[in-house]
Amino acid sequence: MSASQTPPATAVPGDDEPTLLVKIFGKDRPGITAGLFDTLAAYSVDVVDIEQVVTRGRITLCALVTAPSPSQGSIGSTEGDLRATVHGWAESLNLQAEIISGRGDNRPRGTGRSHVTVLGHPLTAESAAAIAAAITSTGGNIDRIFRLAKYPVTAVEFAVSGAATEALRSVLAPEAARLGVDVAVVAAGLQRRAQRLVVMDVDSTLIQDEVIELFAAHAGCEAEVAEVTTAAMRGELDFEQSLHARVELLGGLDASVVEAVRKEVRLTPGARTLVRTLKRLGYQVGVVSGGFTQVTDALKEELGLDFASANTLEIVDGKLTGRVTGDIVDRAGKARLLRDFAQQAGVPLAQTVAIGDGANDLDMLNAAGLGVAFNAKPVVREAAHTAVNVPFLDTVLYLLGITRDEVEAADTHVG
């Protein structure tokens with residue numbers, strides 16, 4: 001086509017232009033989609049929209065097309081002819097067809113678009129009904145629903161328009177708690193796909209253990225340390241004071257205990273999958289911990305993390321002194337490190353994800369674009385953007401719109 005030629009008109013019809021919604025239902029098999037559009041092609045109609053879903057071998061195929069005009073087509077060109085031809089084609093394949101007349105394109109979606117991700121283990125019909133009703137109560141419209149994963153949890157995503165993200169979150173959070181499911185609400189748009197930095201807490205998040213309690217077991221003071229740790233995580237004690245009190249109990253331990261503790265650390269189920277998948281997608285991943293660099297540095301190397309920061313146990317003459325060196329990584333320190341990591345990564349803070357479980361993670365969770373409370377204490381669940389209460393860390397991928405099929409495909413094609 002030369003520069004002086006006018007390009008053909010687009011397929012988007014005006015509000016008053018006649019259109020047809022062609023719906024096909026039945027047992028799925030190869031060639032149905034091609035067959036429908038080959039049938040419609042005889043009438044020279046334009047395709048305005050297409051939607052297709054296959055569930056347990058049953059297909060629902062919808063095509064919104066412009067209505068045929070008398071001047072179009074090589075055979076009978078009226079709407080009635082098209083209807084008869086499509087119904088005849090469908091019957092020949094033991095399919096059902098429904099054709100609805102109308103005008104124009106789909107109605108415009110309401111302002112305010114969000115993704116509502118629901119995780120259930122299992123996801124009951126009662127929960128699905130309650131979540132859908134709660135969305136409706138905010139004035140939101142469910143435009144589309146699809147499954148992200150069927151294991152280790154059932155994860156589905158609702159595309160919602162017509163309601164503000166914060167309004168949806170405020171209504172759905174208490175409903176999710178009542179139902180015992182996890183619900184995450186994030187704004188739609190490119191920013192969701194552009195979240196390029198994920199920062200995690202370590203103890204009881206990336207790993208199943210509290211590292212200081214592992215050290216304490218070797219010092220014979222596990223009960224005393226666990227009691228202080230629990231109080232600190234509930235927000236009842238100042239973290240720095242509690243850290244010094246616990247570390248003091250470790251004084252005199254031989255430095256060889258560090259290697260023993262490293263071997264005892266247990267990654268949370270799904271941790272490797274989460275980090276591996278994020279890295280393959282080009283995300284940068286870091287950890288911040290109120291624990292110790294003697295463990296986080298090893299985790300950084302093992303998992304290929306981009307960033308890691310924690311407190312450091314002082315070791316003199318081959319013994320733990322019962323003190324820590326350097327700046328303390330506490331509640332405020334974790335938020336500061338999130339900002340530092342984001343700056344180093346060249347990622348806006350709004351495009352970061354933070355994951356944690358304790359009160360000392362709250363500032364970090366609130367500072368991130370998306371804060372995820374992972375099997376967290378009640379005070380943390382209530383304050384975070386969203387909560388995950390199943391014991392699989394890789395379920396965080398579903399909150400980012402990544403499906404289980406995509407995870408498995410990446411594992412198949414990348415060594």
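The rules behind these values
Residues numbered from 1 in each chain as written. Predicted model: local features only at pLDDT ≥ 70, side-chain atom pairs only at ≥ 80, totals over all residues. Heavy atoms only, no water. Helix = DSSP H or I, 4+ residues; strand = E, 2+ residues; numbered from the N terminus. Rg over C-alpha atoms; globule rule 2.2 N^0.38 Å. Buried < 20%, exposed > 50% of the residue type's maximum accessible area, 1.4 Å probe, protein only. Contact = heavy atoms within 4.5 Å. Areas by Shrake-Rupley, 256 points an atom, 1.4 Å probe, with all protein chains shown as cover. Lys, Arg positive; Asp, Glu negative; His and termini not counted. Charge placed at Lys NZ, Arg CZ, Asp CG, Glu CD. Phe/Tyr/Trp six-rings, centres within 6.5 Å; stacked < 30°, edge-to-face > 60°. Salt bridge = Lys/Arg side-chain N within 4 Å of Asp/Glu carboxyl O. Axes fitted to C-alpha atoms, helices over the stretch in contact; angles between N-to-C directions. Parallel < 35°, antiparallel > 145°, perpendicular 65-115°, else oblique. Left-handed = near helix turned anticlockwise from the far one by under 90°. Nonpolar A, V, L, I, M, F, W, Y, C, P; charged D, E, K, R; others polar. pLDDT = per-residue confidence, 0-100.

Caption draft 1: Spatial organisation of the overall build of the chain. For the chain, the helix and strand inventory stands at 17 helices and 15 strands. At 28 Å, the chain has a C-alpha radius of gyration far larger than the 22 Å of a compact globule built from 415 residues. If one aligns the C-alpha atoms of the chain with their principal axes, the spans along those axes are about 95 × 50 × 40 Å. Taken across its 415 residues, the chain has 46% of its residues classed as buried. Partitioning the contacts of the chain with sequence separation of at least 6, the portion at a separation of at least 24 is 67%. Surface accessibility of the chain: about 19,500 Å² in total, with carbon and sulfur atoms responsible for 50%. Taken together, the 37 basic and 52 acidic charged side chains of the chain have centroids lying 4 Å from each other.

Caption draft 2: Inspection of the environment of Leu393 at higher detail. On the secondary structure map, Leu393 appears in the loop between β15 (386–388) and α16 (396–399). Residues Leu393 and Thr124, 269 residues apart in the sequence, show an inter-C-alpha distance of 22 Å. Those residues in contact with Leu393 that sit more than four places away from it in its chain are Met200, Thr205, Leu206, Thr268, Pro269, Gly270, Ala271, Leu274, Ile355 and Phe374.

Caption draft 3: Looking closely at the packing of aromatic side chains. This model, assessed by the stated rule, comprises two aromatic pairs. Measuring from centroid to centroid gives 5.9 Å for Phe215 and Phe292, while their planes differ by 85 degrees, and the two rings are edge-to-face. Placement of the pair is Phe215 in helix α7 (residues 211–219) and Phe292 in strand β10 (residues 284–292), with a sequence separation of 77 residues. Centre to centre, the rings of Phe307 and Phe341 are 4.8 Å apart; their planes meet at 15 degrees, and the pair counts as stacked. Residue Phe307 is found in strand β11 (residues 307–316), and its partner Phe341 is found in helix α13 (residues 331–345); the two are separated by 34 residues along the sequence. When sorted by exposure, Phe307 lands in the same class as Phe341, which is buried.

Caption draft 4: Quick look at the pattern of salt bridges. Going through the model one piece at a time under the given rule, you end up with 17 salt bridges. Where Glu166 meets Arg169, a salt bridge forms, and the shortest distance between an N and an O atom there is 2.7 Å. Placement of both Glu166 and Arg169 in helix α4 (residues 165–179) is noted, with a separation of three residues, approximately one turn of the helix. Its relative accessible area of 54% is what places Glu166 among the exposed residues. Residue classification places Arg169 among the buried residues on the basis of a relative accessible area of 15%. Here Glu175 makes a salt bridge to Arg178, at a shortest N to O gap of 2.7 Å. Here Glu175 pairs with Arg178, and both are found in helix α4, just three residues apart, close to one helical turn. On the basis of relative accessible area, Arg178 is assigned to the exposed category, the value being 55%. In this structure, a network of salt bridges that share partners links the residues Asp201, Lys334 and Asp361.

Caption draft 5: Expanded view of the packing of α7 against helix α10 (residues 257–264). At a minimum axis distance of 10 Å, the contact between α7 and α10 shows a crossing angle of 125 degrees. In terms of orientation, α7 lies oblique with respect to α10. For the pair α7 and α10, the crossing hand works out as right-handed. Here Val211, Leu214, Phe215 and His218 of α7 come into contact with α10, specifically with Val257, Val258, Ala260, Val261 and Glu264. Residues belonging to the contact of α7 with α10 are distributed by class as follows: seven nonpolar, one polar and one charged.

Caption draft 6: Highlighting the confidence of the model for the chain. On average, residues of the chain score 90 in pLDDT, and 92% of them reach the 70 mark or higher. The lowest-confidence element of the chain is helix α5 (residues 190–193), averaging 70 in pLDDT; the highest-confidence one is helix α12 (residues 293–303), averaging 98. Segment residues 1–10: pLDDT under 50, and two contacts once partners within four positions in sequence are set aside and those in other chains are kept.

Caption draft 7: Representation of the packing of helix α3 (residues 125–137) against α4 in the model. Look at α3 against α4: their axes get within 9 Å of each other, and the N-to-C directions meet at 160 degrees. Judged by the angle between their axes, α3 and α4 are roughly antiparallel. Classified by chirality, the crossing of α4 by α3 is right-handed. In contact with Glu126, Ser127, Ala130, Ile131, Ala134, Ile135 and Ser137 of α3, α4 contributes Leu168, Val171, Leu172, Glu175, Arg178 and Leu179.

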